[in-house]
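# Notes for the structure review
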Amino acid sequence: MPKIIFIFQDQTRKEVEAPLGVSLLEVAHSNDIHEIEGACGGALACSTCHMVLPNDWFEKLDPPSEEEEDMLDLAHGLTKTSRLGCQIVVTEEMDGIEITVPGGRQDFIS
């Protein structure tokens with residue numbers, strides 16, 4: 001299984017193993033990464049699974065859909081390599097990817 005590294009605002013890191021074919025949102029939830037909320041359950045109806053990808057990985061992925069771009073417009077701390085975790089599916093090539101978890105998110109569930 002590929003290893004995914006989540007980097008938090010305080011620069012702490014959490015390395016987890018990710019099953020192939022699941023979304024990065026699902027990886028975060030199954031590893032108790034509460035900073036990535038996913039209030040809509042991955043239905044592409046919110047921006048609470050906002051993640052920042054390294055530039056090289058951002059460019060390897062298919063571009064975001066218009067719907068994802070619309071939701072990203074609502075994300076706090078948007079960057080040029082921001083994506084929604086519910087839209088990124090884990091592949092073997094992602095082994096070692098470092099994903100930054102933006103701070104200051106809105107918490108819709110709590």
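These lines cover the structure that appears in this document, whether it is placed above or below. (Residues numbered from 1 in each chain as written. Predicted model: local features only at pLDDT ≥ 70, side-chain atom pairs only at ≥ 80, totals over all residues. Heavy atoms only, no water.)

As a further point, take the overall build of the chain. Along the chain, the regular secondary structure elements total three helices and five strands. Start at the N end of the chain and walk to the C end: the helices and strands fall as β-β-α-β-α-α-β-β. Computed over the C-alpha atoms, the radius of gyration of the chain is 12 Å, within 12% of the 13 Å expected from 2.2 N^0.38 for a compact globule of 110 residues. Seen along its three principal axes, the alpha-carbon backbone of the chain occupies a region of about 30 × 30 × 25 Å. Going through the 110 residues of the chain one by one, you find that 41% of them count as buried. (Helix = DSSP H or I, 4+ residues; strand = E, 2+ residues; numbered from the N terminus. Rg over C-alpha atoms; globule rule 2.2 N^0.38 Å. Buried < 20%, exposed > 50% of the residue type's maximum accessible area, 1.4 Å probe, protein only.)

On to unusual backbone geometry, then. In this structure, Gln11 is a non-glycine residue whose phi angle is positive, near 75°. Topologically, Gln11 is positioned in the loop between strand E1 (3-7) and strand E2 (13-17). Judged by its relative accessible area of 58%, Gln11 is exposed. For Asp32, which is not glycine, the phi dihedral falls at a positive 55°.

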